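Spelled out from the first residue to the last, the chains are:
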Amino acid sequence: MLDGGPTSRDGENGSGPGPHPAGARHRLKSGHFLRLARGGGGRDAVAALRSAQRSRRLVLLRVLVEAVDGHGPEPGTLPPAQAAWDLLARAETADPAAVEAVLLHPSVGSWLARTLRGLRAEAGRDRPRAALRDAGHVHCVAAAAALGAGVPFRTPVPLTDDAVMFPSLGCARFDRTPAEPVAVAYRDEAGAGVRCSSGTVPLPGDLTRDAPGWWALRRLGSPGAGPRAAPLLDDLDPWRHFLRRLPVERLDDAEAAHWQSLFEAAWPLVAGQRRIDPEGIAACLLAITPLPDRSPADVFSGSDPEAYGGVLMTKPATPAELAVALVHEAQHSKLSALMDMTALLRGGLEETHYAPWRADPRPLRGMLHGVYAFLGVATFWQTVRERPGLTDPERASADLEFALRRGQVEEGLRTLWAGADLTAAGEHFLRGVEESLTALLKEPVPAAAASAAQEARDDHRIVFRLSQLQCDTGQIEAWADTVADGAPPPRRLPGARPRTAPVAAEIRTRLVRIRVRDPERFARLRADPAAVGASDTDHAWAAGDRGRALTGYRRQVAEHPGDPVAWAGLALSLPAGPSRDALLHRPELVAGVHRELLRRGRPETPETVAARIARAADLTGRPV
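Residues numbered from 1 in each chain as written. Predicted model: local features only at pLDDT ≥ 70, side-chain atom pairs only at ≥ 80, totals over all residues. Heavy atoms only, no water.

**Let's talk about the overall build of the chain**
- The secondary structure content of the chain amounts to 23 helices and 16 strands.
- Taken over the C-alpha trace, the chain has a radius of gyration of 28 Å; the compact-globule value for 624 residues is 25 Å, and the two agree within 12%.
- Along the longest, intermediate and shortest principal axes, the C-alpha atoms of the chain span 90 × 55 × 55 Å.
- Once local pairs closer than 6 in sequence are excluded, the contacts in the chain between residues at least 24 apart make up 66%. (Helix = DSSP H or I, 4+ residues; strand = E, 2+ residues; numbered from the N terminus. Rg over C-alpha atoms; globule rule 2.2 N^0.38 Å. Contact = heavy atoms within 4.5 Å.)

Okay, here's the thing in structure tokens:
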């Protein structure tokens, strides 16, 4: 909330002494709110968000402690969760910063959220075994805080994959599988270590460095002057993925060095930003979790509101891809933390809305996140466009990405204004977004980039409508009568309702990006289209050979009339006219009527169907 009102509170649950003063209130200055709304924020604004996240974590941790201890002690294993809370309080007294580093580690947020959901889901059982087992990780959290703060302690901790994970620090590994699932972590006058039936792992004095039996979490470093960023490279924590448990693994040295090299090359692209404050981005990038590559052509990145500051991602091919992902996910983290402090919209959970950056229907809350994240990405590319010394492919690529992303934000923002139930703060926030977007929309872009961006957006929308929407069967039949027999058209175009269907890849936009960014690679791929899951027809379209593409897509639709990607390619390859207009605006109707005529044994070409529909009604739904 803005100045003058509380946004989140800690210590109101009667839990008594703990690691944070009771009754703490968090306020966001109006200037900070406005800067965040415009897409930036700065270090001070992000510090306020981080402070609120810290309190939120403590509240959730206290809820977990009381829920676990309410079930009584687990037979013969770990001590009560209250013991972990007490250890955390002692560490807080000695070194608050060390405790905050552990509490705000993204995997701690993932663990807390998933474990609390598990406890709620198993609430009807006498003893929710699985969730209570996961809740034992609270002792690892407390031990990590105590190790970071340098206080003496001794506490049982659970083992995972023959290791003990200390969030934000690293893990102790045993050469032999222990006979029991619990070890003892300690620090005394002789040093720190972890002991179990398999032996003892002494912990090094410097926990940021590997040692026998100790894997330290590596930290990525940014070079040069200016804003610095140093997120952890989290390849160890079993809770590092917000959707599922992962094994305790370790990137080899060469792979870790590659990530460091990518980060060193990517961060200057972020640090050189003028419109999105790089200090704010650095302050909310806490950990990057590398994921196995899913595709040689795509980089995936993701974040979660419960894992503030965490980024999951596959290995980027270029520093620019990494820089874009860092900006994108930092924007998500800022907005998630802001929405924890103050409500921006009411409801908005129904997954029914078209988002121009997603292949599946999205809720309005997701739309708000996408608008904000891609506002950051569009702003990033505008700053890149202003850099001196760009090569022609680099400039053309930046022009395309900028034009595409600002157009997507504009479309998403229209949806929010039209459909979201905004609070007063939400309206204030969207005005800030709109202000920044208006400035971006005034920036000139080359005609080729503007055209390619518009075609990419059209392609995405057509594929979405064909794969995720369907018309009423009776309406399709009535329109088939109009197309085949000249019957009077229905009074209006049919509505389209969501359906559950697989999503389709944006293959043509991917190819255009490659052609613009790396013409030589595009030429090589044309000789082997399947290397990126594309057809020769897709390559012809991306190369600008629309006549050849039109022939190919006509054949593909004839062979596979249910293929949304082929239909979209056909629409984009057609010359301007009624057929193209109908396919651009109501492709699900054209494709549905086409299939109905095939079923009746009275086939017509897709262009004929589209043209007759366009002549029978304008595309707003009113009959001609």
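**Brief notes about the nonpolar core**
- Membership of the largest hydrophobic core comes to 73 residues, with the highest contact counts inside it found for Trp267, Leu368 and Phe429.
- Contacts of Phe429, omitting those with residues within four sequence positions, involve Phe33, Leu36, Ala37, Leu335, Leu338, Leu344, Leu368 and Tyr372.
- Of all hydrophobic cores here, the second largest spans 53 residues; its members include Val68, Ala84, Ala146 and Phe153. (Core = buried A, V, L, I, M, F, W, Y, C linked by side-chain atoms within 4.5 Å. Buried < 20%, exposed > 50% of the residue type's maximum accessible area, 1.4 Å probe, protein only.)

**Comments concerning the state of the cysteines**
- Tallied over the entire structure, the rule returns zero disulfides.
- No disulfide involves Cys140; its nearest neighbouring cysteine sulfur is the one of Cys171, lying 11 Å away.
- For Cys140, a relative accessible area of 2% corresponds to the buried category. (Disulfide = S-S within 2.5 Å.)

**Digging into the side chain of Asp234**
- Mapped onto the secondary structure, Asp234 falls in the loop between strand 9 (232–233) and helix 8 (253–271).
- The charged side chain of Asp234 is buried without a salt bridge, its nearest counter-charge being Arg240 at 5.0 Å.
- In contact with Asp234, not counting residues within four places along its chain, are His105, Ser107, Leu217, Arg240, Ile288, Thr289 and Pro290. (Lys, Arg positive; Asp, Glu negative; His and termini not counted. Salt bridge = Lys/Arg side-chain N within 4 Å of Asp/Glu carboxyl O.)

**Side note on helix 19 (residues 546–559)**
- When the terminal C-alpha atoms of helix 19 are compared, their 20 Å separation across 14 residues agrees well with the 20 Å that a helix rising 1.5 Å per residue should span.
- Looking at the buried positions of helix 19, the neighbouring elements they touch are helix 16 (507–517), helix 18 (536–542), helix 20 (564–573), helix 22 (587–599) and helix 23 (606–616). (Expected span 1.5 Å × (residues − 1).)

**Observations regarding the pairing of strand 10 (residues 287–291)**
- Counting buried positions over the five residues of strand 10 gives five, a clear majority of the element.
- Residue alternation in strand 10 divides its side chains into two sets, Ala287, Thr289 and Leu291 and Ile288 and Pro290, and both sets are buried.
- Here strand 9 pairs with strand 10 via two bridges, running parallel. Along strand 10, the bridge assignment pairs Leu233 with Ile288.
- Note that strand 10 and strand 12 (residues 310–314) share five bridges and pair parallel. Pairing of Ile288 across the sheet is with Val311, part of strand 12. (Pairing = 2+ DSSP bridges.)

**Looking at unusual backbone geometry**
- The phi dihedral of Asp161 falls on the positive side, at around 55°, and the residue is not glycine.
- Within the fold, Asp161 resides in the loop between strand 1 (153–158) and strand 2 (163–166).
- Even without being glycine, Asp162 reaches a positive phi, approximately 60°.
- Inspection of the secondary structure puts Asp162 in the loop between strand 1 and strand 2.

**Brief notes about the sheet that holds strand 9**
- Pairing is mixed across the open sheet formed by five strands, whose spatial order is 8-9-10-12-11. The open sheet is flanked by strand 8 (218–219) and strand 11 (301–302), the only strands paired with a single partner.

**What about the sheet that holds strand 5 (residues 191–196)?**
- Strand order across the open sheet formed by four strands is 1-4-5-6, with antiparallel pairing between neighbours. Lying at the two open borders of the sheet, with one neighbouring strand each, are strand 1 and strand 6 (199–203). Neighbour-to-neighbour, the strand axes of this sheet turn through a mean angle of 20°, independent of strand direction.
- As defined by bridge partners, strand 4 (residues 182–188) adjoins strand 5 across five bridges and the pair is classed as antiparallel. Bridge pairing in strand 5 places Val184 opposite Arg195. (Axes fitted to C-alpha atoms, helices over the stretch in contact; angles between N-to-C directions.)

**Some thoughts on empty space enclosed by the protein**
- Applying the stated criterion to the full structure yields four cavities of 30 Å³ or more.
- Approximately 90 Å³ is the volume attributed to the largest cavity.
- Lining the largest cavity we find 16 residues, and of these Pro106, Arg240, Thr289, Gly310 and Leu312 sit closest to its centre.
- Partitioned by chemical class, the residues of the lining of the largest cavity number six nonpolar, seven polar and three charged.
- For the second largest cavity, the calculated volume is near 40 Å³.
- Surrounding the second largest cavity, Asp459, His460, Val463, Ala505, Glu506, Ile507, Arg508 and Val565 form its lining.
- At the level of secondary structure, the elements contributing two or more residues to the lining of the second largest cavity comprise helix 14 (447–468) and helix 16.
- With three residues, the top contributor of residues to the lining of the second largest cavity is helix 14.
- Residues belonging to the lining of the second largest cavity are distributed by class as follows: four nonpolar, one polar and three charged. (1 Å grid on protein atoms, 1.4 Å probe; cavity = no way out; pocket = protein on both sides within 12 Å on 5 of 7 lines; lining within 4 Å. Points joined across faces, edges and corners; volume = space filled by probe spheres on them. Nonpolar A, V, L, I, M, F, W, Y, C, P; charged D, E, K, R; others polar.)

**Some details on the pattern of salt bridges**
- Inspection of every chain in the model, using the stated rule, returns 38 salt bridges.
- Linking Arg346 and Asp421 is a salt bridge whose minimum nitrogen-to-oxygen distance equals 2.9 Å. Of this pair, Arg346 sits in strand 13 (residues 345–346) while Asp421 sits in strand 14 (residues 421–422), and the two are 75 residues apart along the sequence.
- Taking relative accessible area as the criterion, Asp421 reaches 41% and is therefore assigned partly exposed.
- Between Asp485 and Arg602 there is a salt bridge; the shortest N-O distance is 2.8 Å.

**A closer look at the packing of helix 11 (residues 364–385) against helix 13 (residues 424–441)**
- Interaxial distance between helix 11 and helix 13 falls to 11 Å at its minimum, and their mutual angle equals 30°. As the angle between them shows, helix 11 and helix 13 are arranged roughly parallel. Two packed elements cross with a definite hand, and for helix 11 against helix 13 that hand is left-handed. Of helix 13, the residues touching helix 11 (which contributes Leu368, Val371, Tyr372, Leu375, Ala378, Thr379 and Gln382) are Phe429, Leu430, Val433, Ser436, Leu437 and Leu440.
- Grouping the amino acids of the contact of helix 11 with helix 13 by side-chain chemistry returns 10 nonpolar, three polar and no charged. (Parallel < 35°, antiparallel > 145°, perpendicular 65-115°, else oblique. Left-handed = near helix turned anticlockwise from the far one by under 90°.)

**A word on the packing of aromatic side chains**
- A complete count under the given rule lists seven aromatic pairs for this structure.
- For the pair Trp357 and Phe374, a centre-to-centre distance of 5.4 Å together with 40° between the ring planes defines the contact as tilted. Of the two residues, Trp357 sits in the loop between strand 13 and helix 11 while Phe374 sits in helix 11, which places them 17 residues apart along the sequence.
- Taking relative accessible area as the criterion, Trp357 reaches 13% and is therefore assigned buried.
- Plain terms: the ring middles of Tyr372 and Phe429 are 5.3 Å apart, the flat faces sit at 45° to each other, and that makes the pair tilted. Note that Tyr372 is positioned in helix 11 and Phe429 in helix 13, a separation of 57 residues in sequence. Each of the two residues, Tyr372 as well as Phe429, counts as buried.
- Chaining the aromatic ring pairs together yields one cluster made of Phe33, Tyr372 and Phe429.
- Positioned over the ring face of Trp85 is Arg62, at 5.0 Å from the centre of the ring.
- It is Arg173 that lies over the ring of Trp215; its NZ or CZ is 3.8 Å from the centre. (Phe/Tyr/Trp six-rings, centres within 6.5 Å; stacked < 30°, edge-to-face > 60°. Lys NZ or Arg CZ within 6 Å of the ring centre and 35° of its normal.)

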